[in-house]
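Residues per chain are reported as follows:
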Amino acid sequence: MPEEDSRVDHFVLEYRKTNFDGLARVKDEQSWELIDYIKATEYTLSGLKFDTKFINVRVRACNKAVAGEYSDPVTLETKAFVFDLDNTSSHLNLKVEDSYVEWEPTGGKGQEKVKGKENKGRSGASPKRTSIGGKATVKGSRDRFAGESYTVLGNNAIESGQHYWEVRAQKDCKSYSVGVAYKTLGKYDQLGKTNISWCIHVNNWLQNTFAAKHNNKTKTLDIPVPDRLGVYCNFDGGQLTFYNAISKVPLHTFRMKFTQPLLPAFMIWCGGLAVSTGLQVPSVFTALQENENGLSRSTSSLNNIAQ
């Protein structure tokens, strides 16, 4: 405040998006967005989209007559896991467009013809490289899924940290699986039937089943299938949890020490899946994780005392 004995009536917070670490560059400066009359000394910015990497924030205090100087801007990093579906290795019966995949019963023959024309006289061409999140990803570096493995993978791998994405199935979808897998998943492997893939499986064909699957072992989930699934992956903590994305109620948790990078993985038969990425990890998940870690540390301390 301008005077030391001034009483603060409220605070003003301003923020603007930037792609640079540190103060925004003059030529790339965006206008400040203002939030006025903040009474508390803490404020949560909600409704942000992960369309930039950083955000500048500054604050000043006000009384009923005057406003103080702005604080020095602080730069915060907004992290998010973003991926598209990889149509270079997906099953030929799947129609893949960015974040949507749909099963097509006649897709294989038509795509094989197109593929044959495109590849004619280009057998020596090198795989195409694209950059995703600052990381080079080789497209076309693995075989397409085939047989009854109607699978498509995400094109960005998880190597550390906590990440979250959501999946919504068409209402008439007969069968689908949502999960993660190591890059070494075989071209004929189905999700959940190997020791390198974990998934939730929904079957609406002939009989209705909802189950968690890993290493060819199935655990039936005696709960309704939500309209939207949330997938929370804590790579370093060895946790993969599936949620009802609307209520945030957990459906099933796998606990495993992940030893290789993970790829989002999807299987679909008779229907379509829409994937939403670039989402912030809901605070309820991180709070639960912190509580579990605290309980684990407390239990460990009690065990040490007991010994």
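What counts and what doesn't
Residues numbered from 1 in each chain as written. Predicted model: local features only at pLDDT ≥ 70, side-chain atom pairs only at ≥ 80, totals over all residues. Heavy atoms only, no water. Helix = DSSP H or I, 4+ residues; strand = E, 2+ residues; numbered from the N terminus. Buried < 20%, exposed > 50% of the residue type's maximum accessible area, 1.4 Å probe, protein only. Contact = heavy atoms within 4.5 Å. Areas by Shrake-Rupley, 256 points an atom, 1.4 Å probe, with all protein chains shown as cover. Core = buried A, V, L, I, M, F, W, Y, C linked by side-chain atoms within 4.5 Å. Pairing = 2+ DSSP bridges. Axes fitted to C-alpha atoms, helices over the stretch in contact; angles between N-to-C directions. Salt bridge = Lys/Arg side-chain N within 4 Å of Asp/Glu carboxyl O. Phe/Tyr/Trp six-rings, centres within 6.5 Å; stacked < 30°, edge-to-face > 60°. Lys NZ or Arg CZ within 6 Å of the ring centre and 35° of its normal.

- Looking at an unreviewed UniProt entry, one finds the chain named Fibronectin type III and SPRY domain containing 1 like, with Chrysolophus pictus as its source organism.

**Here's the deal with the overall build of the chain**
Line of reasoning, step 1. Helix and strand counts for the chain stand at two helices and 19 strands.
Line of reasoning, step 2. Burial statistics for the chain: of 307 residues in total, 39% are counted as buried.
Line of reasoning, step 3. Residue pairs at least 24 apart in sequence account for 63% of intrachain contacts in the chain once pairs closer than 6 positions are excluded.
Line of reasoning, step 4. By element, 47% of the accessible surface of the chain is carried by carbon and sulfur atoms, the whole surface being about 18300 Å².

**Considerations on the nonpolar core**
Line of reasoning, step 1. With 49 residues, the main nonpolar core has Trp165, Tyr176, Leu240, Leu262 and Phe266 as its most contacted residues.
Line of reasoning, step 2. Per-element tally for this core: the top contributor is strand β18 (residues 262-269), with six residues.
Line of reasoning, step 3. Non-local contacts of Phe266, meaning those with residues more than four positions away in its chain, are made with Phe83, Leu85, Tyr150, Thr151, Val152, Trp165, Val167, Ser177, Val178, Leu191, Leu273 and Val275.

**Observations concerning the sheet that holds strand β5 (residues 94-97)**
Line of reasoning, step 1. With antiparallel pairing, the seven strands of this open sheet are ordered in space as β5-β6-β19-β10-β15-β16-β17. Pairing within the sheet leaves two strands with one partner each, and these edge strands are β5 and β17 (250-255). With direction set aside, neighbouring strand axes in the sheet form an average angle of 15°.

**Brief notes about the sheet that holds strand β3 (residues 54-62)**
Line of reasoning, step 1. Pairing is antiparallel across the open sheet formed by four strands, whose spatial order is β2-β1-β3-β4. A single partner strand is all that each edge strand has here, and the edge strands are β2 (33-38) and β4 (74-77). The average angle at which neighbouring strand axes cross in this sheet is 25°, direction not considered.
Line of reasoning, step 2. In this structure, strand β1 (residues 10-18) lies alongside β2, joined through four bridges in antiparallel fashion. The residue bridging Glu14 from the neighbouring strand is Leu34, located in β2.

**With respect to the pattern of salt bridges**
Line of reasoning, step 1. A full pass over the atoms with the stated rule returns four salt bridges.
Line of reasoning, step 2. The partner of Glu14 in a salt bridge is Arg58, and the shortest N-O contact between them spans 2.8 Å. Taken together, the residues Glu14 in strand β1 and Arg58 in strand β3 connect sequence positions 44 residues apart.
Line of reasoning, step 3. Residue Glu14 is classed as buried on the basis of its relative accessible area of 8%.

**Quick look at the packing of aromatic side chains**
Two aromatic rings, taken as a pair, are described by how far apart their centres are and by the angle between their planes.
Line of reasoning, step 1. By the definition in use, this model includes 11 aromatic pairs.
Line of reasoning, step 2. Between Phe81 and Phe83, the aromatic rings sit 5.3 Å apart at their centres with planes inclined by 40°, giving tilted as the arrangement.
Line of reasoning, step 3. Within the aromatic cluster, the residues linked to one another by ring pairs are Phe81, Phe83, Trp165 and Phe266.
Line of reasoning, step 4. Sitting over the ring of Trp32, Arg58 keeps its end group 4.2 Å from the ring centre.
Line of reasoning, step 5. Positioned over the ring face of Tyr70 is Arg58, at 4.0 Å from the centre of the ring.

**Quick word on unusual backbone geometry**
Line of reasoning, step 1. In this model, Tyr37 sits at a positive phi of 55°, which is unusual for a non-glycine residue.
Line of reasoning, step 2. Relative to the assigned elements, Tyr37 resides in strand β2.
Line of reasoning, step 3. Classification of Tyr37 by relative accessible area gives exposed; the value is 57%.
Line of reasoning, step 4. Residue Asn215 is not a glycine yet carries a positive backbone phi of 55°.
Line of reasoning, step 5. Take Asn215: it is sitting in the loop between β13 (209-214) and β14 (217-220).

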